[in-house]
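Single-letter residue listing:
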Amino acid sequence: MNVSLNWLKDYIDIDQTPQKTSEILTDIGLEVEGEEEIESIKGGLEGIVVGHVKECDQHPNADKLSLTKVNVGREEDLQIVCGAPNVAIGQKVLVATIGTTLYSSEGEAWKIKKGKIRGETSEGMICAEDELGLGNDHNGIIVLPEEVEVGTLAKDYYKIENDILFEIGLTPNRSDATCHLGVAKDLAAALKINYGGDGRVRVPSVDDFKVHNNSLPIEVVIENTEACPRYAGVSIKGVTIKESPDWLKNKLNAIGVRPISNIVDITNFILHELGQPLHAFDLDKISGQKVIVKTLPKDSKFASLDEVERKLSNEDLMICDGDSKGMCIGGVFGGISSGVKDETKNIFLESAHFNAQWIRRTSTRHNLRTDAAKVFEKGSDPNISVYALKRAAMMIVELAGGEIASEIVDIYPNPIKEKHIEVSYKYLNTLIGVEIPKTKVKEILAALEMEIVSENDEHFTVAVPTNKADVTRPADIVEEVLRIYGLNEVPIPSKINSSIALSQSPDPQSIKNTIADLLSSNGFHEIQGLSLTENRYFKDILPIDDSELVYINNTSNIHLDVMRPTMLFSGLESVLRNQNRQNADLKIYEFGKSYRKKKEGGFNETKHLTLFMTGERFGESWLNTQKTQVGYYTLKSFVANILTRLGLSGYQESAIHTDILNFGLKYHRGPQNLVNFGKINSKILKKMDIKNAVFYAEFNWDAILKALKKHKTDFEALNKFPTVRRDLALVIDNSVKFADIVAIARKAGKKLLRDINLFDVYDDENKLGKGKKSYAVSYIFEDTTKTLKDKDVEKIMNNLIREYEGKLGAIIRR
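Residues numbered from 1 in each chain as written. Predicted model: local features only at pLDDT ≥ 70, side-chain atom pairs only at ≥ 80, totals over all residues. Heavy atoms only, no water.

A. Representation of the layout of surface pockets in the model. Approximately 1,700 Å³ is the volume attributed to the largest pocket. Taken together, the elements giving at least two residues each to the lining of the largest pocket come down to helix H17 (632-646), strand E35 (652-656), strand E36 (661-669), helix H20 (738-749), strand E40 (753-762) and strand E41 (772-781). Of all the elements, H17 adds the most residues to the lining of the largest pocket, at 7 residues. Residues of the lining of the largest pocket, tallied by class, amount to 21 nonpolar, 12 polar and 9 charged. Approximately 1,300 Å³ is the volume found for the second largest pocket. (1 Å grid on protein atoms, 1.4 Å probe; cavity = no way out; pocket = protein on both sides within 12 Å on 5 of 7 lines; lining within 4 Å. Points joined across faces, edges and corners; volume = space filled by probe spheres on them. Helix = DSSP H or I, 4+ residues; strand = E, 2+ residues; numbered from the N terminus. Nonpolar A, V, L, I, M, F, W, Y, C, P; charged D, E, K, R; others polar.)

B. Fine view of the packing of aromatic side chains. Under the defined criterion, the tally for this structure stands at 17 aromatic pairs. Here the aromatic rings of Phe354 and Phe376 are separated by 5.1 Å at their centres, their planes lie at 75°, and the arrangement is edge-to-face. Placement of the pair is Phe354 in the loop between strand E23 (347-353) and helix H8 (356-365) and Phe376 in helix H9 (residues 371-378), with a sequence separation of 22 residues. Among the aromatic residues, those joined into a ring-pair cluster are Tyr632, Tyr633, Tyr651, Phe663, Tyr667 and Phe677. In this structure, Lys42 packs its charged tip against the face of Tyr103, placed 5.3 Å from the ring centre. Above the face of the Tyr425 ring, Lys438 is positioned so that its terminal group lies 4.9 Å from the ring centre. (Phe/Tyr/Trp six-rings, centres within 6.5 Å; stacked < 30°, edge-to-face > 60°. Lys NZ or Arg CZ within 6 Å of the ring centre and 35° of its normal.)

C. Quick peek at the environment of Leu312. Tracing the backbone through its elements, the reader meets Leu312 in the loop between strand E19 (309-311) and strand E20 (317-320). The class of Leu312 is buried, set by a relative accessible area of 2%. For the pair Leu312 and Ser300, spaced 12 residues apart in sequence, the C-alpha separation works out to 5.3 Å. In this view, Leu312 contacts Leu296, Pro297, Lys298, Asp299, Ser300, Phe302, Met318, Ile329 and His366; residues no more than four positions away in its chain are not counted. (Buried < 20%, exposed > 50% of the residue type's maximum accessible area, 1.4 Å probe, protein only. Contact = heavy atoms within 4.5 Å.)

D. Here's a closer look at the sheet that holds strand E27 (residues 451-455). Read from one edge to the other, the open sheet built from 3 strands follows the order E26-E28-E27, with strand pairing classed as antiparallel. The two strands at the open ends of the sheet, each matched to only one other strand, are strand E26 (419-424) and E27. Each strand axis lies, on average, 30° off the axis of its neighbour in the sheet, ignoring direction. Direction of pairing for E26 relative to strand E28 (residues 459-464): antiparallel, over a ladder of 6 bridges. Residue pairing in the sheet places Ile421 in a bridge with Val462 of E28. Running over the sheet, helix H11 (residues 425-432) touches E26, E27 and E28 and is turned about 75° from E26. Those strands touched by helix H13 (residues 474-485) are E26 and E28, and its axis lies near 80° from that of E26. (Pairing = 2+ DSSP bridges. Axes fitted to C-alpha atoms, helices over the stretch in contact; angles between N-to-C directions.)

E. Just the side chain of Thr344, in detail. With respect to the helices and strands, Thr344 occurs in the loop between strand E22 (333-334) and E23. At 3.0 Å, the side chain of Thr344 and the side chain of Asp282 are in polar contact. At 2.8 Å, the side chain of Thr344 and the backbone nitrogen of Lys341 are in polar contact. (Polar contact = N/O pair within 3.5 Å; in protein donor to acceptor, adjacent residues only side chain to side chain.)

F. The arrangement of H8 in detail. When we look at burial in H8, the residues that qualify are Trp358, Ile359, Thr362, Ser363 and Thr364. Buried residues belonging to H8 abut strand E17 (290-295), E20, strand E21 (326-329) and H9. For H8, the side-chain oxygen to backbone nitrogen distance between the N-cap and Gln357 is 2.8 Å, and the N-cap itself is Asn355. One or two positions beyond H8, positive phi appears at Asn367, with a value near 55°.

Quick look at the structure:
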């Protein structure tokens, strides 16, 4: 929310610097996230002075130019060539002297220089309105009253004041601070309690409001009092739609609101002054001179102000005319047919209080995050509706003419009263952590306009103003007191209390960090994708039953409308983004969750670790002259390293072919899947516009953590006896997997076989025969109790050969 310092000064006296004011606002819970100096006129009229035209002759070399002599208060007069048709002797004018910077209507800067125009020297420029940013008129130069003193600075003559804009990060609960007057009241309280201020707030008076006649009465009917507890309005006759005066435009421009016309600008001004949204209708477009506040049937069509035809929900509150035709989405957005236009002469001005939940749902449903909706959904003050209406009506009569042509209609069947909340002084001091004197508590509450309606030595009862919708319980009263008292006034305790906590074993965060360190040290980069994704992925690329998808109503980014059922696309989006930026060699990983609906109701929320590899295995280097692409076995080695680092073993492996993977493996313990990995389906990559092959691993991190709970780490001393190595060259069918060779070896070698490794693969159909391959396998044996003898090892090897020949049909190459 943008707040103007000059605007605040209309209501309270502020003798603090802007920087100190910013600190005070932050201390009272209105955190200032940014501070900017605003120039009401670009350049601030620096270098512009009042001059007196002493001579004005025809330019000798141009028919439409004049050669003037201008006194600007210096020893010598300035010779200036002027092209304005209205320049004349004796005028008081505004002169841009040499070195002055002026700005075009587009904001481009240009500097006044001494030069020659058609052969005559010109030492400045006599200015028109548009050249100084004072208006749009370029028909002639500005002529000032004769009594203005020569040499007067233009910024002093026009009383140019720069402003300070505070950007406040308003929290959702601060319904009382959605406007300048609300911020001013908070600031006044803090200045009074902590900085010696008087605490007075100058609230604009509406005592002069009067009804001129009752020629345009409007009937109002509220059919849904839950959604609209209060509705007020008044008719104004004979208005003239025109540009707003400069002071009003400057107020709105300062906070980033674009001026449109006097009527619209006044409603915006009241919104940002009082926090009460208003809406002006063209009264002549209201059928039957009747306003009905109601809902319309589902899928009713409504043309909104942005020229979009919208389908309504039966829970969208509508402001309708006498024919039940929608004129406005209540509290959210106006209609295209009933709004104020240049030709509008009579208006009906609405000031209502709408239910915050109804407005919030409608606003998000139609993705209409208007300023009015933001105020209503925080909880507007129901008891300023008529005051704001009178204030706006008086301004309209003043700035747009016309007369108030009806009594104020105010439908308020169930008035909302102040809440009474009882608080004990002991509770207040305990919650804050310091004892605040009772007199101080009373001073703070009085400064916040929170009346103490009853009290005794131990308790007090506060009447909470209706503009503080968030203050509903004793803790909220304590927060209000603490905001003004000052969090910085609460001393930091010198005593630290601690308690023994039972941590989960194994610690999930510690395990996660261990694997993250392992991957990062091996050249992987961690990514963190959004849990939200696009449903098109699961319709066009990787079809998933719609009943499994978890949809959300995301009004900020409509296309991100589903919780990710797989983490695949988070990584592929990162791969694509890097590929499009000439970074095709990637090793990335992500810890995250996937989300799916259960058929029986409820949701599955599963933790994962995913790895993605693509491009070259090693970076470009003079040490690496041969370019090697990452592949299936590159990924497999990292998967194995992760499981080894976690100490997990004894898992089975099975070949898989899925919608995601062209080919791959899964490691599992019975039905419990630990990890799937392999090469991503080329069809998926093509649809994602990814050019290179991508290898992908997905760990079920919940299953990993579950397996680790049962895992025990055993200590084993280093073996002091030497190992023995034997090699075998096996000619086998292509269908035989290395895992089959390992399984037979483990069974035959039992306790003596420490390691088995495939160190060479040979494939030559001419020498080995069709469908054959040759594996060179090494076996490492050891005995922890003695030195192995050759006969012991040969016995095992002979047994292995018989098993390989019998079960795998292997031929031993000797």
